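# Notes for the structure review
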Amino acid sequence: MENWKDNRLVFWVTALPGVFWLFVFFLVPLTLIWLMSFGEKTSILDIEITGTLANYARTFQAVYLKIIWKSLWISVLATAVCLAIAYPVAFGICFSPKRWRPLLLLLVILPFWINLLIRTYALIAVFRTRGTLNFTLEWLWNLAFLDKLIGPFQPLELLYNNGAVIVGLVYVFMPFMVLPLYATIERLDRSYLEASLDLGASQWRTFFSVTVPLTMPGIVSGIILVFIPMLGMFLVPDLLGGTNAIMIGNVITDQFKAANDWPFGAALSFLLMYITFAALAVRAFVDARSKGRVGV
Amino acid sequence: MKRGPLDYGRSPWLIAFAIVTFIMLYAPIAQLIVFSFNDSKRNVVWRGFTLKYYQKAWNDVSLVEAFVNSITIAVMCTIVATIIGTAVALWLWRFRFPGKTAVEGFMALPIVIPEICMGVAMLVFFSRMGRWIGSFESGPIYWWSELFSIWPLNLGAITAAHIAFSFPFVAVVVRSRLAGFNRELEEASRDLGASEWQTFVNVILPYMKPGIIAGALLSFTLSLDDFVITFFSAGPETNTFPVKVYSLVRRGVSPDINAASTALIVITVVATILAMKLQTPEKQG
């Protein structure tokens, strides 16, 4: 690598466009809402930055605290389910024949590139009252002659509740969890697993005492990669949860659209940012620790 | 053949689990695509093949307009994001300078922060800019703002936001390609008397090309797929495809949304597969 002083012209030519763009269209806007989160509305359009903490204080009101709490537990639960599904899938791909792996990996990632909105919409068609799932259940119901025994099938209300939101989040984010897991399991030194099995540990014991600790960095990366966007998600709770499953993202959107209370919305979105930074700090900590361990 | 203790790849449980997961992942999308050809409004049972919903979507002026807007934004975003992203990749690959780690962290920020935070930041930023520019009644800024009310420049705000979140991805892809570059080639080129620029055009650029194309396709799909940031930074008079679909979806399930969605899925899937093909490093000698 070259010292930047050796070729200042090339240095500045390659550096400036990116730095400029990120500064103007990212850092300035973020700073603007950060400042706004300490502001007060003075009229319909005007906001004065007064340094007040009232907006943050408002997020601790029972109504909002409940929504924040709900967003947290929905995201934690959905992340856990994602991990429980993605780990075996990533494991299976890593131990599949080598020539299959790129194809399998592509199959996992591909849905991720399909528009989030479209995937959520596809789920509505499955879960709505007259959707595919209820239709299939009715067919099974009639197949088992339950309609003669008990009565006609009552379609289940599968949409517009917390369960639907969790299923939606898992569906949307699961592929994202597989990638970091795959990357670490792939690099796993299999002789450790052999040693553990040779020394008499059972498959489960080996998995929980050897495989899981060794793939911890991937697990942590995956959790963070999935948890942060889930927490701020507004599309999935909006379309699958309706008014029954409001998350922070929906409240933020409301403040900037219908409710027109930008300072409060700004405080809420910065609350999300603070949580994000905390999560990233945790990852940096775990990374540093696992690197230290390998070094010993 | 008997399964060895480490032969997890042939464990029937693991295979069954993976197959079920893949089915769950693809079934809703497959259903969406299949039912876009279904001759029924209720869309639960198959009633025969039709293209009428594609025709209906095609004749929906606002839907087509939104689609054209989305493609236009994606193309403009791709061009600028690819140039900036490539420059950033070269910058970080070539130079060491004080504060580099901080810069790398800063460049990764648009990738890691929740989309909604960036969306509302853009909303506030552009509305402030709009009010400031609107306070001019003549002079260069006024003329400039007049120019930016003409299509496609009126999509400028959304495009600028899209560039901001997609060029860091381009930089990551191009930089990982550059990591495999043999710097001796560059030295050889310089030794043989090529200038800095000639070396760049004839040696480094050809090597980077697959990475640049992959990055460009990536930013194209990122821009085309984006809903949240567009939803916030779009004014009331501009519509993009995902924003339009969102307003339709809120009204319920209908086959013409399926048709329009299928068109978008085909475009993004083709772009993604192409990008992946280009990203996999070719086998070396």
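## Observations regarding the overall build of chain A
A count of helical and extended segments in chain A gives 14 helices and three strands. Here the C-alpha radius of gyration of chain A, 24 Å, is well above what a compact globule of 296 residues would show, namely 19 Å. With respect to the three principal axes, the spread of C-alpha positions in chain A is 65 × 60 × 35 Å. The proportion of buried residues among the 296 residues of chain A is 50%. A separation of at least 24 residues holds for 67% of the contacts in chain A among residues at least 6 apart in sequence. Carbon and sulfur atoms make up 70% of the accessible area of chain A, which amounts to about 14500 Å² in all.

## With respect to the side chain of B:Ser36
Residue and element names in this part refer to chain B. With respect to the helices and strands, the residue Ser36 is situated in the loop between helix 1 (12–35) and helix 2 (52–59). Judged by its relative accessible area of 0%, Ser36 falls in the buried class. In terms of polar contacts, Ser36 uses its side chain to reach the backbone carbonyl oxygen of Ile33, at 2.6 Å. Beyond its immediate sequence surroundings of up to four residues, Ser36 is in contact with Thr50, Tyr53, Tyr54, Pro255, Asn258, Ala259 and Thr262.

## What to know about the confidence of the model for chain A
On average, residues of chain A carry a pLDDT of 86, and 98% of them reach 70 or more. Across chain A, helix 3 (residues 62–94) of chain A holds the top mean pLDDT of 92, while helix 7 (residues 146–149) of chain A sits lowest at 77.

## A short note on the pattern of salt bridges
Counted under the stated rule, the structure contains ten salt bridges over all chains. Its salt-bridge partner being A:Glu2, residue B:Arg94 comes within 2.8 Å of it at the nearest N-O pair. In this pair, B:Arg94 is assigned in helix 3 (residues 61–94) and A:Glu2 in strand 1 (residues 2–3), connecting two distinct chains. Judged by its relative accessible area of 9%, B:Arg94 is buried. With its nearest N and O atoms 2.7 Å apart, the salt bridge here joins B:Asp39 to B:Lys52. Here B:Asp39 is found in the loop between helix 1 and helix 2, whereas its partner B:Lys52 is found in helix 2, with 13 residues between them in sequence. Judged by relative accessible area, which is 38%, B:Lys52 ranks as partly exposed. A single network of salt bridges, built from pairs that share partners, joins A:Glu2, B:Arg94, B:Arg190 and B:Glu196.

## Things to note about the packing of aromatic side chains
Within the structure shown, the criterion is met by 39 aromatic pairs over all chains. Centre to centre, the rings of A:Phe234 and B:Phe227 are 6.1 Å apart; their planes meet at 15°, and the pair counts as stacked. In this pair, A:Phe234 sits in the loop between helix 11 (216–232) and helix 12 (235–241) while B:Phe227 sits in the loop between helix 9 (196–225) and helix 10 (228–233), so the two residues belong to two different chains. Accessibility expressed as a relative area gives 4% for A:Phe234, which makes it buried.

Conventions adopted
Residues numbered from 1 in each chain as written. Chains lettered and ligands numbered in written order. Predicted model: local features only at pLDDT ≥ 70, side-chain atom pairs only at ≥ 80, totals over all residues. Heavy atoms only, no water. Helix = DSSP H or I, 4+ residues; strand = E, 2+ residues; numbered from the N terminus. Rg over C-alpha atoms; globule rule 2.2 N^0.38 Å. Buried < 20%, exposed > 50% of the residue type's maximum accessible area, 1.4 Å probe, protein only. Contact = heavy atoms within 4.5 Å. Areas by Shrake-Rupley, 256 points an atom, 1.4 Å probe, with all protein chains shown as cover. Polar contact = N/O pair within 3.5 Å; in protein donor to acceptor, adjacent residues only side chain to side chain. pLDDT = per-residue confidence, 0-100. Salt bridge = Lys/Arg side-chain N within 4 Å of Asp/Glu carboxyl O. Phe/Tyr/Trp six-rings, centres within 6.5 Å; stacked < 30°, edge-to-face > 60°.

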